[in-house]
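Commentary on secondary and tertiary structure
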Amino acid sequence: VSRVLVVDDDELVRQLIEFKLGQAGFEVTCTEDGEAGLAAAVTGDFDLVLLDLMLPRLSGIEVCRELRAHPTTRDLPVILLTLRSQEADVERGFAAGADDYVVKPFSPRELVSRVEALAGPPVERGRTETSPGSAAPHGGGTAAPGEAVRDLAAATARESAPVLDAALQELARAGADGRTLAALTSWAEATRSAWVDSLARLADALDDAVAAVPVPERQDAAPGR
Amino acid sequence: MNPARVNSIDMAGELATLWRSASAVALQRVDCLRRALAAAERDALGVDLRAAAGVDAHKLAGALGMYGLEEASDLAIEADRAVVSGALDHADARAELAVLVERLADAIVEER
């Protein structure tokens, strides 16, 4: 699996990148400041670094420069994360050895594409594509039966969110206190999560069952047996 | 949460859960901006709160758009620019920033 190191001091950015790259099949490690990011990059085995420009302790530019100076990270691809207002700093980033940059707020899909362009597609996903009976990956050609169940799981998760929000708003208007609302939210999300997990397991079981069915061509190829 | 928006950013269950916790952090950052504005209004804005407001405005500008919140993202970028250009130190600009911050809070709450 391709491994990506994320160095960003904003937890909202880190958690979304971790989620999206994880979903795309990458293994993601996150650090919050320049020093920790540099240490992780040098000691870890990463295929790419996503590096915020404005970091505590050591700036993204300084981290990039250090990475290029270090023998184990000299060729490690680096993508800078920057705000539009900092685009002037990108030139300094390239001078320090960055390979690419993405302007925040960026579309997570765009980020995944940029990461794949430099780190290559995650190996895990390639394995899934060739695995018999497994679901087709996003954009894949053949749809396994499990895929329909996965779609149902996604739709269930998606559609239940606004219903839950409306119910919570109604309860809040009726005078429910914060603790009650928090408890109800936890309960609803746990229920939804359990339901989605069950559907995911069902999808896997369906795919396995289909994979276990003998392929007709094989029987045709050996007449008389 | 607006169902159309949910579909437009493909916010499935996990991402919706992610946004729920993220929105609480985003609102804390908005509160920091409010506190800085209130302190500046009293001519009592200290170095730490000023720095925190700058950092939080900057983070909001960078993060909200990634969650698909276009309006909130635009407002946050505008607020970040205002803070950087010294809006906290000038009464007129401060009043405009205060309006921006409240619109930003509304936009975040609307998407929760």
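Our structure's up above, just so we're on the same page.
In this convention, every chain numbers its residues from 1, walking through the sequence in written order. Ligands are numbered from 1 and chains lettered from A, in the order in which they are written. Given that this is a predicted model, residues contribute local features only at a pLDDT of at least 70 and side-chain atom pairs are listed and counted only at 80 or more, while totals for whole chains, interfaces and linings are drawn from all residues. Side-chain numbers come from the whole structure's heavy atoms, not from hydrogens or water.

1. As for the environment of A:Val112
Residues and elements named next belong to chain A. This is how it is decided: Numbering of helices and strands runs from the N terminus; a helix is a DSSP stretch of H or I covering at least four residues, while a strand is a stretch of E covering at least two. Residue contacts are counted whenever heavy atoms from the two residues lie within 4.5 Å of one another.
Inspection of the secondary structure puts Val 112 in helix α5 (residues 108-119). Sequence-wise, Val 112 and Gln 23 are 89 residues apart; in three dimensions their C-alpha atoms are separated by 9.8 Å. In contact with Val 112, other than residues within four places in its own chain, are Lys 20, Leu 21 and Ala 24.

2. A few points about the packing of helix α1 (residues 11-24) of chain A against α5(A)
Residues and elements named next belong to chain A. Rules: Angles shown run from 0 to 180 degrees and are taken between the N-to-C directions of axes, each axis being a line fitted to C-alpha atoms and, for helices, limited to the stretch in contact. In this scheme, roughly parallel covers angles under 35 degrees and roughly antiparallel covers those over 145, while 65 to 115 is roughly perpendicular and the rest are oblique. Crossings are assigned a handedness: left-handed for a near helix turned anticlockwise from the far helix by less than a right angle, right-handed for a clockwise turn. When residues are grouped by polarity, Ala, Val, Leu, Ile, Met, Phe, Trp, Tyr, Cys and Pro land in nonpolar, Asp, Glu, Lys and Arg in charged, and all others, Gly among them, in polar.
Viewed as axis vectors pointing N to C, α1 and α5 meet at an angle of 60°, and their least axial separation amounts to 10 Å. The angle between the axes of α1 and α5 places the two elements in the oblique class. Crossing geometry of α1 relative to α5 is assigned as right-handed. Along its contact with α1, which presents Leu 16, Ile 17, Lys 20, Leu 21 and Ala 24, the element α5 presents Pro 108, Leu 111, Val 112 and Val 115. Looking at side-chain class alone, the contact of α1 with α5 contains eight nonpolar, no polar and one charged residues.

3. Quick notes on the packing of helix α2 (residues 13-41) of chain B against helix α5 (residues 91-110) of chain B
Residue and element names in this part refer to chain B. Here α2 crosses α5 at 165°, and the two axes come no closer than 10 Å. With respect to α5, the axis of α2 lies roughly antiparallel. Taken as a pair, α2 and α5 cross one another with a handedness that is left-handed. Residue-level inspection shows Trp 19, Ser 23, Ala 26, Leu 27, Val 30, Leu 33, Arg 34, Leu 37, Ala 40 and Glu 41 of α2 in contact with α5, the latter providing Arg 94, Leu 97, Ala 98, Val 101, Glu 102, Leu 104, Ala 105, Ile 108 and Val 109.

4. Describing the pairing of strand β5 (residues 100-104) of chain A
This is how it is decided: Burial classes follow relative accessibility: with a 1.4 Å probe on protein chains only, a residue under 20% of its type's maximum area counts as buried, one over 50% as exposed, and anything between as partly exposed. Crossover handedness is defined by viewing with both strands directed away from the observer: a clockwise path from the first strand over the helix to the second marks the crossover as right-handed.
Counting buried positions over the five residues of β5(A) gives four, a clear majority of the element. Once you follow strand β4 (residues 78-83) of chain A into helix α4 (residues 87-95) of chain A and on to β5(A), the crossover reads as right-handed.

5. A look at unusual backbone geometry
Following A:Lys104, the chain continues to A:Pro105 via a peptide bond in cis, the omega torsion being -5°. Of note, A:Pro105 is situated in the loop between β5 and α5. Although it is not a glycine, A:Arg57 sits at a positive phi angle of roughly 75°. Residue placement: A:Arg57 occurs in the loop between β3 (48-52) and α3 (60-69). A:Arg57 gets classed as exposed once you look at its relative accessible area, which sits at 62%. Positive phi is not limited to glycine here, since B:Asp43 has a value of about 60°. With respect to the secondary-structure elements, B:Asp43 resides in the loop between α2 and α3 (47-63).

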